[in-house]
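Understanding the architecture of this molecule
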Amino acid sequence: MTDTSKKYGARLPATRISDDKVRAKEKWLGYLLGPAGALLLNAVLATYLNVYYTDVLDLTGVWGGAFLVVFPIVSKIIDAVTNIVMGYIIDRTHTKEGKARPWLLLSAPLLAITGVLLFTVPKASQTVQVIWVMVSYNLFYSFAYTIFNMSHNLMVPLSTRDTTARGGLSVFNQIATIMMGGILVALVFPMVIMPMLGVDQSKWIGLMSVLAVLALPLTLLEYFFTKERVTLETQEEEKQEDVAFSKQLKAIFTDKYMILIYIYFLIYTVGGCIKNVSLVYYCNYVLGTYNDGITQTLVSTIGGIPMGIGIFAVWPLAKKFGKRNVTLWGFVLYAVGSAVCWFSPRNMVVVLIGQFIKNMGGLPCAYVFMALFADVLDHMEWKTGFRADGLAMSVYSIIAVAMVGVAQGIFNGLLAKTGYVAPYFDAAGNLIAVQSEAVQKVITFGFVGLEVFTGIALAALLIFLNVEKDIGRKQEEIRLRRNASN
């Protein structure tokens, strides 16, 4: 057997996980606590960065309203390119620590530095501010977060072939996401943090700098307490060579399950991104009043309760009925809950009931999607004889990041077109934050209307995504092939 330390080059700090089976330490430190810093930072940005641009920096009217429409979309085109490059690089990274994990190590300091730069926009001319926003945004999303997100999202698919253990890791991974976005950002921020920050830029800079720096040690924790068992299998096969990019690309876009899961993720992400960017505006201008400290907290608390319950319920249900099946029926509930909210979008009781129903339906997608994606990657390996994890994840990440920019651009364009007015202080020192009926309708559709349609579309699409029905047999065939080649 060739010495892998020579064959695979670079010497990196070793993982603290030595067991061939997934144990509690890996789950808690590598998949729950480790990603929490970067996920918290990203969750805050997803919800509040656009608010910082429109309400603190007052950029809504720049270039006649075109800047906040065009800039996010163009930035995501750049991000898409860097995702493809990153996927190519990951697939050709060979170290004793794996092919994706080493990039977590690099992403840790980059997230901290670029996260701070996002908010330290100088109080200078509008031109200087626009340039700073464009550069800092792309340094964070197209560079630092791309490196983290690509490597982080591959941890579950590359962790193990044990579908039960992989499903458990997927749940732990999503607990971190839900904990950051669903508890801290959705509850603590609107009730405590946002009323304190208001439109004071210096306070925003101070808070976001703390969150950005916090991501560094926690991301290092994810690096040290994860392990790429699937990658290590292929490294032990001396015949393993890099597969041509064109061959990988063809394999991905000619596989029906991979195409289906990409379409599924595209529809889900469009609905989710527009909902996320409109959440604060909906609570400020439609359901409640500006930064009242209670409306967004209530919507997030009552609507988010199912996400906590789901930690204990979703994986047993997925094991019994199948990941695809529980996700499909979940989206039926998702559409029903959204329709309830849309029926009476200014009635707090009705909206809270609808949000509860919707998030009950969203549980399976939130917790088991990455395990389903891992099944598709194993299916592709069975079908083609090689893995294309980096490239497959780059397409997934392109959808994720591109739709954030597209959703932000569309939403900002509609705000500008319907006459959105940034909050301002009148002569008496009172904060004025009121929007026209047209603006409120746009905001309402973004938060409670669109996902009626995306929920129905996703439920219909999942009928055809039955990859898990024979994944056990395919994994066994992969194992037999590997043994025969050694």
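Every chain is numbered independently, its residues counted from 1 as its sequence is written. Where totals are concerned, whole chains, interfaces and linings use all residues; where local detail is concerned, this predicted model gives features only for residues with pLDDT of at least 70, and gives and counts side-chain atom pairs only at 80 or more. Values shown for side chains rest on all heavy atoms present in the structure; no hydrogens or waters enter the calculation.

A few words on the overall build of the chain. Secondary structure is summarised from DSSP: a helix means a run of H or I of at least four residues, a strand means a run of E of at least two, and numbering begins at the N terminus for each. In terms of helices and strands, the chain carries 18 helices and 2 strands. Computed over the C-alpha atoms, the radius of gyration of the chain is 23 Å, within 12% of the 23 Å expected from 2.2 N^0.38 for a compact globule of 486 residues. Its C-alpha atoms give the chain principal-axis dimensions of about 80 × 45 × 40 Å. With 486 residues in all, the chain has 58% of them scored as buried. A separation of at least 24 residues holds for 85% of the contacts in the chain among residues at least 6 apart in sequence. Each accessible area is a Shrake-Rupley estimate made with a 1.4 Å probe; only the visible protein chains count as cover when residues are assessed. Of the roughly 19200 Å² that the chain leaves accessible, carbon and sulfur atoms contribute 68%. Here the chain carries 40 positive and 32 negative side-chain charges, and the mean point of each set is 3 Å from the other. The globule rule is 2.2 Å times the number of residues to the power 0.38, and the radius of gyration it is compared with is taken over C-alpha atoms. The classification of residues rests on relative accessible area computed with a 1.4 Å probe and restricted to protein chains. Under 20% of the type maximum is buried, over 50% is exposed, and intermediate values are partly exposed. By definition, residues are in contact when any of their heavy atoms lie within 4.5 Å. A residue counts as positive if it is Lys or Arg and as negative if it is Asp or Glu; His and the chain ends are not included. Every charge is mapped onto a representative atom, which is NZ of Lys, CZ of Arg, CG of Asp or CD of Glu.

The next subject is the packing of aromatic side chains. Stacked, edge-to-face and tilted labels apply to pairs of Phe, Tyr and Trp rings (six-membered ring for Trp) whose centres lie within 6.5 Å, assigned for plane angles under 30 degrees, over 60, and everything in between, in that order. According to the stated counting rule, one finds 33 aromatic pairs in the structure shown. On the basis of an interplanar angle of 80 degrees and a centroid distance of 5.1 Å, the ring pair of Trp63 and Phe67 is categorised as edge-to-face. Owing to a relative accessible area of 54%, Trp63 belongs among the exposed residues under this scheme. Aromatic side chains Trp342 and Phe453 sit 6.0 Å apart centroid to centroid with 80 degrees between the ring planes, which places their arrangement in the edge-to-face category. Taken as a pair, Trp342 in helix H14 (residues 323-343) and Phe453 in helix H17 (residues 437-462) lie far apart in primary sequence, 111 residues in all. Overall, Trp342 belongs to the partly exposed group, its relative accessible area being 35%. An aromatic cluster is built from Tyr52, Tyr53, Trp63, Phe67, Phe71, Phe119, Tyr137, Phe140, Tyr141, Tyr145, Phe148 and Trp204, whose rings are joined through pairwise contacts. Consider the ring centre and the ring normal. A charge sits over the ring if Lys NZ or Arg CZ is within 6 Å of that centre and within 35 degrees of that normal. Above the ring of Tyr141, the side-chain terminus of Lys76 is found at 3.9 Å from the ring centroid. Sitting over the face of the ring of Tyr88, Arg92 holds its NZ or CZ atom 3.9 Å from the ring centroid.

Attention shifts here to the packing of H14 against helix H15 (residues 348-384). Two quantities define a packed helix pair, namely the angle between the helix axes and the distance between the axes. The convention used is that axes are lines fitted to C-alpha atoms, helices contributing only their stretch in contact, and that angles between N-to-C directions extend from 0 to 180 degrees. Running from amino to carboxyl end, H14 crosses H15 at an angle of 155 degrees, the nearest separation of the two axes being 7 Å. Looking at the two axes, H14 sits roughly antiparallel to H15. Two packed elements cross with a definite hand, and for H14 against H15 that hand is left-handed. Of the residues in the contact of H14 with H15, the class split is 16 nonpolar, 8 polar and 3 charged. What sets the label is the angle itself: under 35 degrees gives roughly parallel, over 145 gives roughly antiparallel, 65 to 115 gives roughly perpendicular, and the rest give oblique. By convention, the crossing between two helices is left-handed when the near helix turns anticlockwise from the far helix through less than a right angle, and right-handed when the turn is clockwise. Under the scheme applied here, ten amino acids are nonpolar (Ala, Val, Leu, Ile, Met, Phe, Trp, Tyr, Cys and Pro), four are charged (Asp, Glu, Lys and Arg), and all others, including Gly, are polar.

A surface patch of nonpolar side chains, about 400 Å² in accessible area, is lined by Leu184, Val188, Met191, Val192 and Met196. Its location among the elements puts Leu184 in helix H8 (residues 163-197). By definition, no residue in a patch forms a salt bridge, and every one has over 30% relative accessible area; like charges are joined within 9 Å, nonpolar side chains (Val, Leu, Ile, Met, Phe, Trp, Tyr) within 5 Å. Only one rule defines a salt bridge in this text: a Lys or Arg side-chain nitrogen within 4 Å of an Asp or Glu carboxyl oxygen.

Time to look at the side chain of Ser397. Examined against the element boundaries, Ser397 turns out to sit in helix H16 (residues 389-418). With near-sequence residues (within four places) excluded, Ser397 lies in contact with Asn83, Asn149, Met150 and Asn153.

Bringing helix H5 (residues 101-117) into the picture now. Since the α-helix turns once every 3.6 residues, residues separated by three or four places project in the same direction. With 17 residues, H5 ought to run about 24 Å at 1.5 Å a step, and its terminal C-alpha atoms sit 25 Å apart, in line with that. Given a residue, its bend is the angle between the two axes fitted to the seven residues that end at it and to the seven that start from it. The sharpest bend along H5 comes to roughly 35 degrees, located at Ser107, with the proline Pro109 sitting one to four residues further on. Where H5 is concerned, the buried positions are Arg101, Pro102, Leu104, Ser107, Ala108, Leu110, Leu111, Ala112, Thr114 and Gly115. Each helix should span, by expectation, one fewer than its residue count multiplied by 1.5 Å.

This brings us to the packing of H15 against H16. Across the interface, H15 lies against H16 with an axial gap of 11 Å and an inter-helix angle of 135 degrees. Viewed along their axes, H15 and H16 adopt a mutual orientation that is oblique. The crossing of H15 and H16 is right-handed. Note on element contacts: H16 touches H15 through Asp389, Ala392, Met393 and Tyr396, opposite Phe369, Met370, Phe373 and Leu377. Its residues assigned to classes, the contact of H15 with H16 comprises 7 nonpolar, no polar and 1 charged.

Note on soluble globular proteins: their nonpolar side chains tend to be buried together. The biggest cluster of nonpolar side chains holds 138 residues, and the ones touching the most others in it are Tyr53, Met258, Ile261, Tyr262, Tyr264 and Phe373. The dominant element in this core, judged by the number of residues it contributes, is helix H12 (residues 256-287), at 18 residues. Every residue in contact with Phe373, bar those within four places of it in the chain, is listed here: Pro157, Met258, Ile261, Tyr262, Ala392, Met393 and Tyr396. As used in this record, nonpolar core signifies buried Ala, Val, Leu, Ile, Met, Phe, Trp, Tyr and Cys residues forming a set joined through side-chain atoms within 4.5 Å.

Turning next to the environment of Gly288. Along the polypeptide, Gly288 turns up in the loop between H12 and helix H13 (295-321). Each C-alpha atom, one on Gly288 and one on Thr60, is 22 Å from the other, the two residues being 228 residues apart in sequence. For Gly288, the residues in contact, after removing those within four places along its chain, are Tyr282, Cys283 and Thr295.

Just geometry here; none of it tells us what the structure is for.
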